[in-house]
Structures are given as structure tokens and as C-alpha cells.
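Residue strings, one per chain:
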Amino acid sequence: MDVSALAALTFLLGALVILVAFAVGRRKEELREETEQTAESAAESNVTKVSASKKPKQEKQRSRKDKSSQHSFSHQLLAASLKSHSGNVTCLDFSSNGKYLASCADDRTVRVWSTKDFLEREHKCLRANVELDHATLVRFSPDSRAFITWLANGDTIRIFKMMKKEDGSLSFKAAPEDFPQKHKASILNIGIAETGKFIMSASTDTSIHIWDLKGEVLASINTNQITNSYAAISPCGRFVASCGFTPDVKVWEVCFGKSGEFKEVVRAFDLKGHSAGVHAFAFSNDSHRMVTVSKDGTWKLWNTDVEYKKQQDPYLLRTVPCTSSEGSLAALSPDGRVVAISDGCNVALYSAASGQLEEQLHGVHSEEITDLRFDITGRFLACSGDKAIRVFHNAPGYRAAIRDMQDMLKKAQNEAMKQRLQQQIKDAQSALDAVLAAPVN
């Protein structure tokens, strides 16, 4: 082989070696890049998995924290704790047909509960949304087919109609227009007269407005009590009462003509006897009794079944020492047998006949009680103060009814009357025994 051929072969072999070395180097670089990308992807995946696994743990921990922070309460007389609101409940109202309990909260909803479910394990409710606002007060209409609310931001009244669907459930529809704004101070209470003739709204600046159902102001009252602390319509639908800084309760009659037209608001009578301002008051279902609770550390029971137009004044039946504070509320059972007084987070139940303290319920809510009222049958007492609603058996009411019937039995001379009273006493005692024998909730 000559020298030129040998040089050419050497050159070709060299070039081939260089190409192979270049290819191997290129492949190593590609493999390194792929390895780095795979490692990065794996790291990202691990981060995602870790964060994803942390999220439910964090949510679970948060949920446990919220759950543990909820106020727990148990008592022999506790019939139910209603817990669907996500905000603090500010107001309660029972319908006059006894079927429903309405509640409103700062979660922008009104909830309507069925009273027949109080003793069941589950407590279902229907929700009415309060658009762009939230309700601080709620009151049923006399026919239990509608309710009115006070809007926190709108400072006015909004009406909701309750409509039955084909499946028997309820739906809610807000009226197209709210009432006009009239109050200049914080609102205390609203109500609809049982007669269906007027609506009342009262504020802290001594103002009370009487409205027709279309939103027109019929009359305005200046209570002249420096500040109002509470106001309400009597269950009979005739009277509007208020209390405040002064040590008395003032009562007016809202008068209508025979054809239903509004006539006037006239002063009816006053309840005088407390030595300091009155926190709140309540009526019995027939409006013949009233209970008042005052800063003077007493509650008083009054007979208001008087003809004030003949200059008859209500008279004091009983004065009982009690613990009260700013914001204390009063409730009187429909039959006038039991008085309930709230003080902060606590509730005390008394016999109206004797003034004896029958039950003390301590720490019912984690915050101050915002509403306190008996249902129309007198079987239950409901109160609100945090996100829950507590419903209690009215055991003092059963005891009072049994005592009254036993007294009647002693005086009864008709055999048929005696047998009827004996059966009623037996039924009431059985109901009370069932309440006291139930497991503690």
C-alpha cells in the first residue's frame, strides 16, 4: 500500500473516531438533561402531593378547632338545640298556629323550623335568603302565611310571603318594595297586630311608628322615656307598650273604626311601681297579665284586665327579687303560670302564682341571650344567644297546671267534673314524668 492510500485511510479512521466521540458526548448530555427534568418533575409532584395532603389536614384541623370552639350545653329540660345558622341568632318568633318557629341571624338568612320536630333527632328547617342585607328581627303574620323582617343595613321593614309548593314544602318570596325609612336610631322591636290591622316598629330614641300593611305611617308615638329599652304589641292586638329609662311601662291603645279604618292612638294606662328603669316586659296570651323586669333587681306581675276608659288602673299582683342586667328579657307563658327572666347567658324560671324560683339554667349560650319566648301551647321555652337555639320543656308549667287542677278538684262537686279533672291531672303528670325521665341532652 502506498503512502497516500495509508494517509487517506488514517484520515477516515480519525474522522470516524471523532464522529463516534461526538455522538456519545451528545447522548450523555441528552441523558443528563432528561435526568434533571425527571428530577424536577418528581420534585414538583412531591410538592403538589405534600400541599394537597396538607390542605385536607389543615381543613380538618380548622374544622376540629371550630367544632371544639362551639358552646356545649346540656340540661334535663333541654328538648332540642337547633343548629343550622352560621351566624349569631338575633331574634325568634313562634307562629300563632303553633306550627313554626322563625329565626334570623347575621348570616343573611331567616330559618323556619317545624315545632313538631323539636323532639326528633334531626331538626330540619327551610331557609329564606335576605338579599344584600341581613335581618335582625323577624315576626310572623297572624295567619302564619308571611313574616316581616327588620333589615340591618337598609334600616327598614321587608315582608316575605310563605307559599306552599306542590310537594307540600314552603318557598319564600320577598315583597317587591321595602317599607320607607323612618327611624333615625337603632331599632328595638317590630310586630304585627293579631288583628292584622297594623305593624309597629320602635327605636331607642323614644320613637314608635304605627304602620298599615302597605308601608304607610298611620301614627307616631313619642314615649318620653328618655330612651326606649323595649316595646311590643299585646297578643290581643289592641295595645302597644314601651319601657325604658323611666321606672314605668306605658301602654297605648291603637283604635280603629267599625269598618276597619284607623282612628287614633290613645294612652291607655301605665304600670308604676319599679324604683328604676325597666329592661323589658311580656304579656300573657289573653293580655290580662303582664310581667316586667327592672334595674331595681325585681320582676313584677300585673293584672291588666281592666277597663281603663272607666278609670280602672292595673294592679300589682306580685314583686319578686331576681338577678337582672342590661339587656335582660322577660317571658310569660301563654296561660300566665310561668315567668322566665334572662340575665346575660342565664335563664331563671319562676312560678307566677307564688314567685318561687323553679329552675335555673346557667350558661345556656356563649353570649348574651338575644331573645326569650314561650311557644303558643306553653309546652316549650326557646332562647337564642349564639349560633344555636335552645328549646326547653316547660316543666314548671306542667307543675303549675297540676297544682291548679288539684285545687279545682278539691272544690269540684259535680262527679263528671271530678273525673275529668282527675284524668287531666293524670295526663299532665305523665307528660311531666316523661320529660324528667328522658336522657339528658
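Residues numbered from 1 in each chain as written. Predicted model: local features only at pLDDT ≥ 70, side-chain atom pairs only at ≥ 80, totals over all residues. Heavy atoms only, no water.

Draft legend 1. A look at the overall build of the chain. When its secondary structure is counted, the chain shows three helices and 28 strands. Burial analysis of the chain (441 residues in total) assigns 45% to the buried set. Looking at the chain alone, contacts between residues at least 24 apart form 47% of all its contacts between residues at least 6 apart. Summed over all atoms, the accessible surface of the chain reaches about 23600 Å², with 51% contributed by carbon and sulfur. (Helix = DSSP H or I, 4+ residues; strand = E, 2+ residues; numbered from the N terminus. Buried < 20%, exposed > 50% of the residue type's maximum accessible area, 1.4 Å probe, protein only. Contact = heavy atoms within 4.5 Å. Areas by Shrake-Rupley, 256 points an atom, 1.4 Å probe, with all protein chains shown as cover.)

Draft legend 2. Examining the layout of surface pockets more closely. For the largest pocket, the calculated volume is near 1300 Å³. Lining the largest pocket we find 50 residues, and of these Asp-93, Arg-139, Asn-189, Tyr-230 and Arg-373 sit closest to its centre. Those elements that provide at least two residues to the lining of the largest pocket are β2 (89–94), β6 (135–140), β10 (187–192), β14 (228–233), β18 (278–283), β22 (330–332) and β26 (371–374). The greatest single-element share of the lining of the largest pocket, amounting to six residues, is contributed by β10. Residue composition of the lining of the largest pocket, by class: 28 nonpolar, 14 polar and eight charged. Taken as a whole, the second largest pocket spans an internal volume of roughly 510 Å³. Every residue lining the second largest pocket is counted, 20 residues in all, and those nearest its centre are Tyr-100, Ser-114, Leu-126, Gly-168 and Leu-170. Ranked by residues supplied to the lining of the second largest pocket, first place goes to strand β4 (residues 109–114) with three residues. For the lining of the second largest pocket, the class distribution of residues is seven nonpolar, six polar and seven charged. (1 Å grid on protein atoms, 1.4 Å probe; cavity = no way out; pocket = protein on both sides within 12 Å on 5 of 7 lines; lining within 4 Å. Points joined across faces, edges and corners; volume = space filled by probe spheres on them. Nonpolar A, V, L, I, M, F, W, Y, C, P; charged D, E, K, R; others polar.)

Draft legend 3. Region of interest: the packing of aromatic side chains. Enumeration over the complete set of coordinates arrives at 15 aromatic pairs. Ring centres 5.9 Å apart and planes at 80° place the aromatic pair Phe-73 and Phe-392 in the edge-to-face group. Of this pair, Phe-73 sits in the loop between α1 (3–69) and β1 (78–82) while Phe-392 sits in strand β28 (residues 389–393), and the two are 319 residues apart along the sequence. Residue class for Phe-73 comes out buried when judged on its relative accessible area of 14%. A relative accessible area of 2% places Phe-392 in the buried class. Ring centres of Phe-140 and Phe-147 lie 6.4 Å apart, and the angle between their planes is 85°; on these two criteria the pair is classed as edge-to-face. The rings of Tyr-100, Phe-140, Phe-147, Phe-160 and Phe-172 are connected pair by pair, giving a single aromatic cluster. (Phe/Tyr/Trp six-rings, centres within 6.5 Å; stacked < 30°, edge-to-face > 60°.)

Draft legend 4. Quick look at the pairing of β6. For β6, the tally of buried residues reaches five of six residues, placing the bulk of the element in the interior. Judged from the five bridges that link them, β6 and strand β7 (residues 146–151) form a sheet pairing that is antiparallel. Paired with Phe-140 across the two strands is Phe-147, which belongs to β7. Counting the residues in the hairpin turn of β6 and β7 gives five residues, including Ser-144, whose phi is positive at 60°. (Pairing = 2+ DSSP bridges.)

Draft legend 5. Representation of the sheet that holds β2. Taken in spatial order, the four strands of this open sheet run β2-β3-β4-β5, and their pairing is antiparallel. Two strands lie at the open edges of the sheet, namely β2 and β5 (125–129), each paired on one side alone. Sheet twist, expressed as the mean angle between neighbouring strand axes with direction ignored, is 20°. (Axes fitted to C-alpha atoms, helices over the stretch in contact; angles between N-to-C directions.)

Draft legend 6. A look at the pattern of salt bridges. Under the definition given, this model contains eleven salt bridges. The partner of Arg-337 in a salt bridge is Asp-404, with the nearest N and O atoms 2.7 Å apart. One end of the pair, Arg-337, is in the loop between β22 and β23 (338–343); the other, Asp-404, is in helix α2 (residues 395–411), and 67 residues separate them in sequence. Arg-399 is the partner of Glu-358 in a salt bridge, and the nearest nitrogen-oxygen pair spans 3.1 Å. Pair noted here: Glu-358 is in strand β25 (residues 357–361) and Arg-399 is in helix α2, with a separation of 41 residues, a long-range link. Here the residues in one salt-bridge network are Glu-358, Glu-359, Arg-399 and Arg-403, joined through shared partners. (Salt bridge = Lys/Arg side-chain N within 4 Å of Asp/Glu carboxyl O.)

Draft legend 7. Fine view of the sheet that holds strand β21 (residues 315–321). Here four strands make up an open sheet; going across it, the order is β18-β19-β20-β21 and the pairing antiparallel. Each edge of the sheet is formed by a strand with only one pairing partner; in this case those strands are β18 and β21. Adjacent strand axes in the sheet meet at a mean angle of 20°, parallel and antiparallel pairs treated alike. Of the pairings in the sheet, the one linking β18 to strand β19 (residues 289–294) comprises five bridges and is antiparallel in character. Paired with Phe-283 across the two strands is Met-290, which belongs to β19.

Draft legend 8. A look at a positive patch on the surface. There is a patch of like positive charges on the surface, built from Lys-99, Lys-116, Arg-145 and Lys-164. Relative to the helices and strands, Arg-145 is located in the loop between β6 and β7. (Patch = residues over 30% accessible without salt bridge, like charges linked within 9 Å, V, L, I, M, F, W, Y side chains within 5 Å. Lys, Arg positive; Asp, Glu negative; His and termini not counted. Charge placed at Lys NZ, Arg CZ, Asp CG, Glu CD.)

Draft legend 9. Quick peek at the side chain of Arg-158. Position of Arg-158 relative to the elements: it lies in strand β8 (residues 156–164). One polar contact links Arg-158 to Asp-178, side chain to side chain, over a distance of 2.8 Å. Not counting residues up to four positions away in its chain, the partners in contact with Arg-158 are Val-130, Glu-131, Phe-147, Ile-148, Thr-149, Leu-151, Ala-174 and Asp-178. (Polar contact = N/O pair within 3.5 Å; in protein donor to acceptor, adjacent residues only side chain to side chain.)

Draft legend 10. Representation of the nonpolar core in the model. Core analysis: the largest hydrophobic core is formed by 59 residues, its most contacted members being Val-249, Phe-281, Trp-299 and Val-347. Ignoring anything within four residues of it in the chain, the contact list for Val-249 reads Ala-241, Ser-242, Cys-243, Phe-269, Asp-270, Leu-271, Val-278, Phe-281, Met-290 and Thr-292. Judged by nonpolar contacts, the second largest core, of 28 residues, contains Ala-128, Leu-137, Phe-140 and Phe-172. (Core = buried A, V, L, I, M, F, W, Y, C linked by side-chain atoms within 4.5 Å.)

Draft legend 11. How the structure looks around the packing of α2 against helix α3 (residues 415–437). Closest axis-to-axis distance for the α2/α3 pair is 9 Å, and the angle between their directions is 160°. On the basis of their axis angle, the class for α2 and α3 is roughly antiparallel. Every pair of crossing elements has a handedness; the one defined by α2 and α3 is left-handed. Mapping the contact onto sequence places Ala-395, Tyr-398, Arg-399, Ile-402, Met-405, Gln-406, Met-408 and Leu-409 in α2 and Lys-418, Leu-421, Gln-422, Gln-424, Ile-425, Ala-428, Gln-429, Ala-431, Leu-432 and Val-435 in α3. For the contact of α2 with α3, the per-class residue count stands at twelve nonpolar, four polar and two charged. (Parallel < 35°, antiparallel > 145°, perpendicular 65-115°, else oblique. Left-handed = near helix turned anticlockwise from the far one by under 90°.)

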